[in-house]
Amino acid sequence: MTAEASRKTMIDEERILIALDVESRAKADHIVHELSGSAVGFKIGLQLFTAAGPDFVCELCSAGHRVFLDLKFHDIPNTVAEAVVSAARTGAWMINVHSIGGSAMMARAAEALRNESQQSGIEPPKLIAVTVLTSSDQKTMNELGIGGTVEETVQRLAMLAKEAGLDGVVASAKEAAMIRHSAGNDFLIVTPGIRPANATLDDQKRVTTPADAIRAGADILVIGRPVTAAQNMQKALNSILEGMDSPTDDN
Ligand code: C5P
């Protein structure tokens with residue numbers, strides 16, 4: 001299914017990935033259990049993956065959960081191609097690489113997933129790219145010798161990912177409209193830094209409400225602490241879902 005077609009069939013809950021940013025599978029299991037009544041997916045990043053390992057990913061996927069395995073691969077093309085195949089074998093629904101690894105690396109990864117899918121008969125995970133981390137700013141670009149503004153770099157890397165055959169990118173909501181405009185509708189935009197109106201920012205600096213992120217062109221929202229740090233996670237999620245229909249102009 002194309003990114004555009006899958007977006008159209010998604011209900012709001014399916015657009016949300018809850019970030020399991022915890023140090024143990026026991027804590028992750030608790031969050032998954034608390035949200036078992038909803039259709040949200042889960043994001044497993046470096047912290048939990050390093051602690052709990054691929055078996056935990058396999059178990060979550062086997063239990064029917066959509067998992068975004070956020071390991072941000074960046075290495076020589078051959079190594080990344082082998083790594084994405086291993087990641088795909090966990091059953092993950094979405095995986096990612098760093099676009100800064102270049103088009104040859106991204107294209108090899110996409111090709112390896114297609115080959116693996118042909119051999120296994122299983123639909124490949126969506127392969128997306130990180131453009132510029134939101135923790136990087138103009139100073140970081142300058143010290144790395146990357147010319148142009150952060151926005152120009154984000155746009156260039158997003159187009160590189162699209163041309164290499166990737167399904168989409170991770171990007172802040174502030175960049176979503178620009179990417180949607182240049183990459184078109186058939187390209188997934190996955191957006192972290194989401195905070196419901198009036199929520200605490202934690203360590204996020206540039207935040208967007210769920211409704212505004214979607215209005216800007218985001219397909220999938222990554223949400224962590226606004227749900228996982230709540231006393232009642234399901235209630236916090238429900239209130240986010242209710243707010244998804246009501247864009248605000250206050251950010
Ligand atoms: O708790 P919070 O909602 O801030 O979690 C956001 C998640 O998205 C975290 O896992 C964080 O690492 C991730 N992320 C981010 N900004 C990026 C890329 C990923 O916040 N640019």
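Everything discussed here concerns the structure shown above.
Student: I'd like a rundown of the packing of aromatic side chains, residues and numbers included.
Tutor: Counted by the stated rule, this structure contains zero aromatic pairs. Geometry around Trp-93 places Arg-66 over its ring, the cationic atom sitting 4.8 Å from the centre.

Student: Explain the nonpolar core residue by residue, including any values.
Tutor: In this structure, Val-84 and Val-97 are the most contacted members of the largest nonpolar core, which totals 68 residues. Of the residues forming this core, the biggest block, seven residues, is contributed by helix α4 (residues 77-88). Once residues lying within four places of it in the same chain are set aside, the contact partners of Val-97 are Lys-72, Phe-73, Val-80, Val-84, Met-105, Met-106, Leu-127, Ile-128, Ala-129, Val-130 and Leu-166. Formed by 13 residues, the second largest nonpolar core is a distinct cluster that contains Met-10, Phe-68, Met-94 and Val-190.

Student: If you had to explain the site of the ligand to someone new, which residues and values would you point to?
Tutor: Every residue near the ligand is listed here: Ala-19, Asp-21, Lys-43, Thr-134, Pro-192, Arg-195, Gln-204, Val-222, Ile-223, Gly-224, Arg-225 and Pro-226. Within the side chain of Lys-43, an N or O atom sits 2.9 Å from an oxygen atom of the ligand. Contact distances for the ligand include 2.8 Å between an oxygen atom and a side-chain N or O atom of Arg-195. In the complex, the protein chains occlude 82% of the 470 Å² of accessible area that the ligand would expose alone.

Student: Describe the pattern of salt bridges, naming the residues involved and giving the relevant values.
Tutor: Two side chains that carry opposite charge are able to pair once their charged atoms sit near each other. Overall, the coordinates contain 11 salt bridges when judged by the stated rule. For Asp-70, the salt bridge identified is with Lys-72, shortest N-O distance 3.1 Å. Salt-bridge contacts for Arg-195 lead to Asp-202; the nearest nitrogen and oxygen are separated by 3.0 Å. Salt bridges linked by common partners bring Arg-195, Asp-202, Asp-203 and Arg-225 together as one network.

Student: Lay out the sheet that holds strand β3 (residues 67-73) in plain terms, naming residues and giving numbers.
Tutor: Ordered by their spatial adjacency, eight strands build a closed barrel running β1-β2-β3-β4-β5-β6-β7-β8, and the pairing between neighbours is parallel. If you compare each strand with its neighbour and ignore which way they point, the axes differ by 25° on average. Strands in contact with helix α3 (residues 46-62) are β2 (41-44) and β3; relative to β3, the strand with the most contacts, it is inclined by about 140°.

Student: Describe unusual backbone geometry, listing the residues and the values that go with them.
Tutor: Even without a glycine there, the phi angle at Lys-72 is positive, about 45°. Along the chain, Lys-72 turns up in strand β3. Lys-72 sits in the partly exposed class, given a relative accessible area of 26%. Positive phi, normally seen in glycine, also occurs at Asp-202, with a value near 55°. Tracing the backbone shows Asp-202 in the loop between β7 (188-191) and α9 (210-216).

Reading guide: rules and limits
Residues numbered from 1 in each chain as written. Predicted model: local features only at pLDDT ≥ 70, side-chain atom pairs only at ≥ 80, totals over all residues. Heavy atoms only, no water. Phe/Tyr/Trp six-rings, centres within 6.5 Å; stacked < 30°, edge-to-face > 60°. Lys NZ or Arg CZ within 6 Å of the ring centre and 35° of its normal. Core = buried A, V, L, I, M, F, W, Y, C linked by side-chain atoms within 4.5 Å. Buried < 20%, exposed > 50% of the residue type's maximum accessible area, 1.4 Å probe, protein only. Helix = DSSP H or I, 4+ residues; strand = E, 2+ residues; numbered from the N terminus. Contact = heavy atoms within 4.5 Å. Near = heavy atom within 4 Å. Polar contact = N/O pair within 3.5 Å; in protein donor to acceptor, adjacent residues only side chain to side chain. Areas by Shrake-Rupley, 256 points an atom, 1.4 Å probe, with all protein chains shown as cover. Salt bridge = Lys/Arg side-chain N within 4 Å of Asp/Glu carboxyl O. Pairing = 2+ DSSP bridges. Axes fitted to C-alpha atoms, helices over the stretch in contact; angles between N-to-C directions.

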